[in-house]
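Examining the three-dimensional arrangement
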Protein chains: 2
Amino acid sequence: MQGGGSELNERKKLILKAIIEAHVKEGEPVGSKYLTQNKQIALSSATIRNEMAELESLGYLEQPYTSAGRVPSESGYRFYVNSLMQKYRMSQNELARMNALAKSRLAEIDRLLESATRLAAGLTNYTSIAIKPKQSTAVITKFKTVLLDKQLFMLVMIDGMGNIKTRQITSDEEINEETLARLENELNARIANKRVDEITVSLVMEIERSFGEGEGIISSVIKTVCETLGEPEGGDLKMAGVNHLLEYPEFSDAREFKELLGVLEEKRDILKLVSDSDLDEDGPQVLIGSENILEEMKNSTMVFQKIKSNGKVVGAIGIIGPRRMDYSKVISTVEYIAQNISLMLNSSLSLPEAFGEDEN
Amino acid sequence: MQGGGSELNERKKLILKAIIEAHVKEGEPVGSKYLTQNKQIALSSATIRNEMAELESLGYLEQPYTSAGRVPSESGYRFYVNSLMQKYRMSQNELARMNALAKSRLAEIDRLLESATRLAAGLTNYTSIAIKPKQSTAVITKFKTVLLDKQLFMLVMIDGMGNIKTRQITSDEEINEETLARLENELNARIANKRVDEITVSLVMEIERSFGEGEGIISSVIKTVCETLGEPEGGDLKMAGVNHLLEYPEFSDAREFKELLGVLEEKRDILKLVSDSDLDEDGPQVLIGSENILEEMKNSTMVFQKIKSNGKVVGAIGIIGPRRMDYSKVISTVEYIAQNISLMLNSSLSLPEAFGEDEN
DNA sequence: GATTAGCACTCGACCGCTTTGAGTGCTAAA
DNA sequence: TTTAGCACTCAAAGCGGTCGAGTGCTAATC
């Protein structure tokens, strides 16, 4: 049923490609007669029918019911994506919108991802997600403290990726700036750059000893730090353009749509899906239908690409839509945006850019 | 058409109430015969019909078409909410789930709001939103800096509400810890607690003079600060349970649903809607159908309540659903959650709580 | 005067039927 | 090998009739 597709002759490839592109465009089963309009295919409907029958028996096409047109199967789309598809050429307008993002000078990954999702959704007319994986908080590189009230202070933690986590901590006793500064030093000296399993009881005791008074705070703080490090749902997911999905008749079945929406909201599964995929894969990845492990996504396709900053995966951006999707456009868009973001992140770290030249 | 409702006698009120509650429960037009089952109404269907006809001419009921049952009109719901509705009694289970939130010790408003939305959506089976208005960043009370790289540092800004904003700033020249500390002091001394219109050019020049070297950084920093203060779309909106909406037949019309979704994603309008409403109103507010100014929400109802911390509005939590809504339950839930959050925020600032007693 | 029983009427929902037409597979001719 | 022709299939769309919930009105009853 799968088949690498190498057994297909050129004519079959041509017809398959035409069928997929017609189906993506029209959204309805494609018949043999329709294809005769295609100038590239100079064949009668009967011949096309024969070829279609063979393509079906090879598993690339499906028939919703006897004597309806043909619809691409999952492996049909897969073969299309792997071998037939041509690269999409961005329009001037689209390029302009992409470049607007590049010019936005958003240095922080959070805001960058948010803008990127919106852009991706807007350009493709599909739903877009941006993911920041949890793995990023393996280690905290820097602690900062801010006194907010007599007994309340804020702990700011920064990890290697530039992510910031803040927690407010209440103390039983009054704290002053000076104590807090000592706490900060202590944390930076002994806890910074340690993994959660390296924070041992004896280490904590050592800190308490050297800190002296107010050990109560120490234990609160350490606990908070450990919680933050271990945080299982640390990953963040942003979404945009959910409403676009409703434009596609395949989601007019409310029940299915509801389930898909539920999964998207329940961030956990999606995060898992993305982080499960090949970590080494650099380019865009396409999961068609049941290639998504999630039952709820078996009628959807997800295209995403990881975003790297200095060699590390710091996020991913993706598009979710029906299986019948403009793969060429979507893949190009995702790829382009992901690359651009990676570029921006890298450049903001190494090549200092001139700030403040444009005044608006 | 509007009418305060005082012209209604007890019997009409009873019937109107019964109709609304039946319609909310069943989702279908309510007929006179159906109401005769109601023990409270010991009348024949004919009498009820007469009353219903009058209620319709008063504008409280509507007929989808000749000789269908009656459906509450907008003013019908409004009257119900204002005068007829009884307070919803939480079940044991519901109370337990609410209290779980209270016990969660989430001190930061962001995470608190996120949990609260999820809770509200889960309890009511409607879509829930949580809003953090932009107004909160009128003034920055504290600056902190963190050196990330030779020419890159992070500016952490904390405002009066405990909101944290971070920006990364690149410098043309190399920076060391010591310079950065001076910058931090300078900012805290001269910019902290100033409104954006109080940051004058002469003030900036003064800082540059006293700071001496590397004035380039100063202007970058000040620019960033002003951007942050003025940030027009600063408000944040979290959503949960969007998929619940699809359970209600009134949203099975995909086009309408799509529009509503679009508005919810386009946070701006909702933020405006909430902040436009009576600032002084403390209790839950109910916007039924076209009482929402947004065209896209004319078939929806929104119930929300502001959340105050130390007298200031720091957010709001709300529920969005069809006009046919279990008002009693929704209003109670929103009210309860909002009050609880307010309480938690206040207590975490003033009354120090014992931490670390429960170990899970 | 208020209530109720009775009755004719309305109108969408539903059911089953037919028609339509796009599309197929097969066969025989080119 | 390709194509024209033909019989066949089947969902979609259109149509007419029935059903029944619900109404408004009128006349009888309390």
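Everything that follows concerns the structure shown earlier in this document.
Reference entry: report on the structure contained in this document. Just so we're clear, the structure is a prediction, and the values are computed from it rather than from any experiment.

Let us now look at the overall build of chain A. Looking only at helices and strands, chain A has 12 helices and 10 strands in total. Classification of the 360 residues of chain A by burial places 52% in the buried group. Counted over contacts in chain A with a minimum sequence separation of 6, partners at least 24 positions apart contribute 61%. Carbon and sulfur atoms provide 48% of the accessible area of chain A, an area that totals close to 16,900 Å².

Let us look at the protein's contact with DNA strand D. Around DNA strand D lies a shell of 19 residues, among which Arg11(A), Thr47(A), Ser67(A), Ser32(B) and Arg70(B) are the nearest. In this structure, Arg49(B) approaches DNA strand D through a side-chain N or O atom, which is 3.2 Å from a base nitrogen. In this structure, Arg70(B) approaches DNA strand D through a side-chain N or O atom, which is 2.9 Å from a phosphate oxygen. Broken down by element, the surface near DNA strand D gets its largest block of residues, 4 residues, from helix H3 (residues 45-57) of chain A. Grouping the constituent residues of the surface near DNA strand D by class yields 5 nonpolar, 10 polar and 4 charged.

What follows concerns the side chain of Ser32(A). All names here are of chain A. Along the polypeptide, Ser 32 turns up in helix H2 (residues 32-36). Engagement of the side chain of Ser 32 in a polar contact is seen with the side chain of Arg 49, the distance being 3.3 Å. Discounting chain neighbours no more than four positions away, the residues touching Ser 32 are Ser 45, Ile 48, Arg 49 and Met 52.

A few words now on the environment of Glu174(B). Residue and element names in this part refer to chain B. Within the fold, Glu 174 resides in the loop between strand S6 (164-170) and helix H7 (177-190). Sequence spacing of Glu 174 and Asp 149 is 25 residues, and the spatial spacing of their C-alpha atoms is 8.9 Å. Residues contacting Glu 174, with those up to four places away along its chain left out, are Lys 150 and Gln 151.

The next thing to look at is the packing of aromatic side chains. Inspection of every chain in the model, using the stated rule, returns 9 aromatic pairs over all chains. With a centroid separation of 5.4 Å and 45° between ring planes, the pair formed by Tyr77(A) and Tyr327(A) is classed as tilted. Separated by 250 residues along the polypeptide, Tyr77(A) in helix H4 (residues 74-84) and Tyr327(A) in helix H12 (residues 327-349) bring together distant segments of the chain. Comparing Tyr77(A) with Tyr327(A), the two get one shared label, buried. One aromatic cluster is present, formed by Phe251(A), Phe257(A), Phe251(B) and Phe257(B) through successive ring pairs.

Residues and elements named next belong to chain A. In space, the 3 strands of this open sheet follow the order S4-S5-S6, with antiparallel pairing throughout. Of all strands in the sheet, those with a lone pairing partner are strand S4 (140-149) and strand S6 (164-170), marking the two edges. On average, each strand axis in the sheet is inclined to that of its neighbour by 20°, with strand direction left out of account. With 8 bridges joining them, S4 and strand S5 (residues 152-159) adopt antiparallel strand pairing. Across the sheet, the residue bridging to Asp 149 is Leu 152, located in S5.

Looking now at the protein's contact with DNA strand C. As a matter of local geometry, DNA strand C sits amid 19 residues, with Ser32(A), Arg70(A), Arg11(B), Thr47(B) and Ser67(B) nearest to it. The sugar-phosphate backbone supplies 77% of the atoms of DNA strand C found within 4 Å of the protein. Taking Arg11(B), its side chain carries an N or O atom lying 2.8 Å from a phosphate oxygen of DNA strand C. Between DNA strand C and Ser44(B) there is a distance of 3.2 Å, counted from a phosphate oxygen to a backbone nitrogen or oxygen. Elements supplying a minimum of two residues to the surface near DNA strand C: H3 of chain A together with helix H3 (45-57) of chain B.

Among the structural elements, Thr117(A) can be located in helix H6 (residues 109-124). Contacts of Thr117(A), omitting those with residues within four sequence positions, involve Ser128(A), Ile129(A), Ala130(A), Lys238(A), Met239(A), Ala240(A) and Ile317(A).

A few words now on helix H4 (residues 74-84) of chain B. Counted residue by residue, H4(B) has 8 buried out of 11 residues, so it is predominantly covered. By the burial criterion, the buried members of H4(B) are Glu74(B), Ser75(B), Gly76(B), Tyr77(B), Phe79(B), Tyr80(B), Val81(B) and Leu84(B).

Burial of strand S10 (residues 312-322) of chain A is extensive: 10 of the 11 residues sit out of reach of the surface. Connecting the antiparallel pair strand S9 (residues 300-309) of chain A and S10(A) is a turn made up of 2 residues, with Asn310(A) showing a positive phi of about 55°.

This part is about the sheet that holds S6(B). Residues and elements named next belong to chain B. The strand order across the open sheet built from 3 strands is S4-S5-S6, with neighbouring strands paired in antiparallel fashion. If you trace the sheet from one side to the other, it starts and ends with strand S4 (140-149) and S6, each paired once. Averaged over all pairs of adjacent strands, the angle between their axes in this sheet comes to 20°, without regard to strand direction.

With that out of the way, let us pick up the packing of helix H1 (residues 10-26) of chain B against H4(B). To characterise two packed helices, one gives the angle between the axes of the helices and the distance between these axes. Residue and element names in this part refer to chain B. The interhelical angle for the contact between H1 and H4, taken along N-to-C directions, is 110°, at an axis separation of 11 Å. In terms of their interaxial angle, H1 and H4 are classed as roughly perpendicular. Two packed elements cross with a definite hand, and for H1 against H4 that hand is left-handed. Facing H1, whose interface residues are Lys 13, Leu 16, Lys 17, Ile 20, Glu 21, His 23 and Val 24, H4 presents Gly 76, Tyr 77, Phe 79, Tyr 80 and Leu 84.

With that settled, consider the environment of Lys312(A). Among the secondary structure elements, Lys312(A) is positioned in strand S10. Sequence separation of Lys312(A) and Thr145(A) is 167 residues, and the distance between their C-alpha atoms is 28 Å.

Right, let's talk about unusual backbone geometry for a bit. Residue and element names in this part refer to chain A. Located in the positive-phi region is Ser 67, a residue other than glycine, with phi close to 60°. Locating Ser 67 in the fold gives a position in the loop between strand S1 (61-62) and strand S2 (71-72). The exposure class assigned to Ser 67 is exposed, which follows from its relative accessible area of 64%. Here the phi dihedral of Asn 125 falls at roughly 65°; this positive angle occurs in a residue that is not glycine. With respect to the element layout, Asn 125 can be found in the loop between H6 and strand S3 (127-132).

Quick look at the pairing of S5(A) now. Residues and elements named next belong to chain A. The buried fraction of S5 is high, at 8 of 8 residues. Alternating positions in S5 separate into two faces, Leu 152, Met 154, Val 156 and Ile 158 on one and Phe 153, Leu 155, Met 157 and Asp 159 on the other, with burial throughout. A loop of 2 residues connects S4 with S5, the two strands running antiparallel in sequence. As paired strands, S5 and S6 are joined by 7 bridges and run antiparallel to one another. Across the sheet, residue Met 154 finds its bridge partner in S6, namely Gln 168.

Rules used throughout
- Each chain has its residues counted from 1, running along the sequence as written.
- Here every chain gets a letter starting at A, and every ligand a number starting at 1, in the order they are written.
- Given that this is a predicted model, residues contribute local features only at a pLDDT of at least 70 and side-chain atom pairs are listed and counted only at 80 or more, while totals for whole chains, interfaces and linings are drawn from all residues.
- With hydrogens and water set aside, each side-chain value is computed from the structure's full complement of heavy atoms.
- Helix and strand assignments come from DSSP, with helices taken as H or I runs of at least 4 residues and strands as E runs of at least 2, each series counted from the N terminus.
- With a 1.4 Å probe rolled over the protein chains alone, any residue whose accessible area is under 20% of its type maximum counts as buried; one over 50% counts as exposed, and the rest are partly exposed.
- Throughout, a contact is declared for two residues whenever any of their heavy atoms are within 4.5 Å.
- The accessible surface values rely on the Shrake-Rupley method and a 1.4 Å probe; as for residues, cover is taken only from the protein chains in view.
- Any residue with a heavy atom positioned within 4 Å of a molecule or strand is treated as near that molecule or strand.
- As used in this structure description, the phrase polar contact means that two N or O atoms lie within 3.5 Å; if the pair is within protein, one of them must be able to donate a hydrogen and the other to accept it, and residues adjacent in sequence are counted only when both atoms belong to side chains.
- Classification used: nonpolar for Ala, Val, Leu, Ile, Met, Phe, Trp, Tyr, Cys and Pro, charged for Asp, Glu, Lys and Arg, polar for all others including Gly.
- For Phe, Tyr and Trp, where Trp contributes only its six-membered ring, two rings pair if their centres lie within 6.5 Å, and the inter-plane angle classes them as stacked under 30 degrees, edge-to-face over 60, or tilted in between.
- When DSSP finds two or more bridges between a pair of strands, those strands are recorded as paired.
- Lines fitted to C-alpha atoms define the axes, with helix axes restricted to the stretch in contact, and inter-axis angles between N-to-C directions lie between 0 and 180 degrees.
- Angle categories are assigned with fixed cut-offs, so that under 35 degrees is roughly parallel, over 145 is roughly antiparallel, 65 to 115 is roughly perpendicular, and the rest are oblique.
- Two helices cross in a left-handed way if the nearer one is turned anticlockwise from the farther one by less than a right angle. They cross in a right-handed way if the turn is clockwise.

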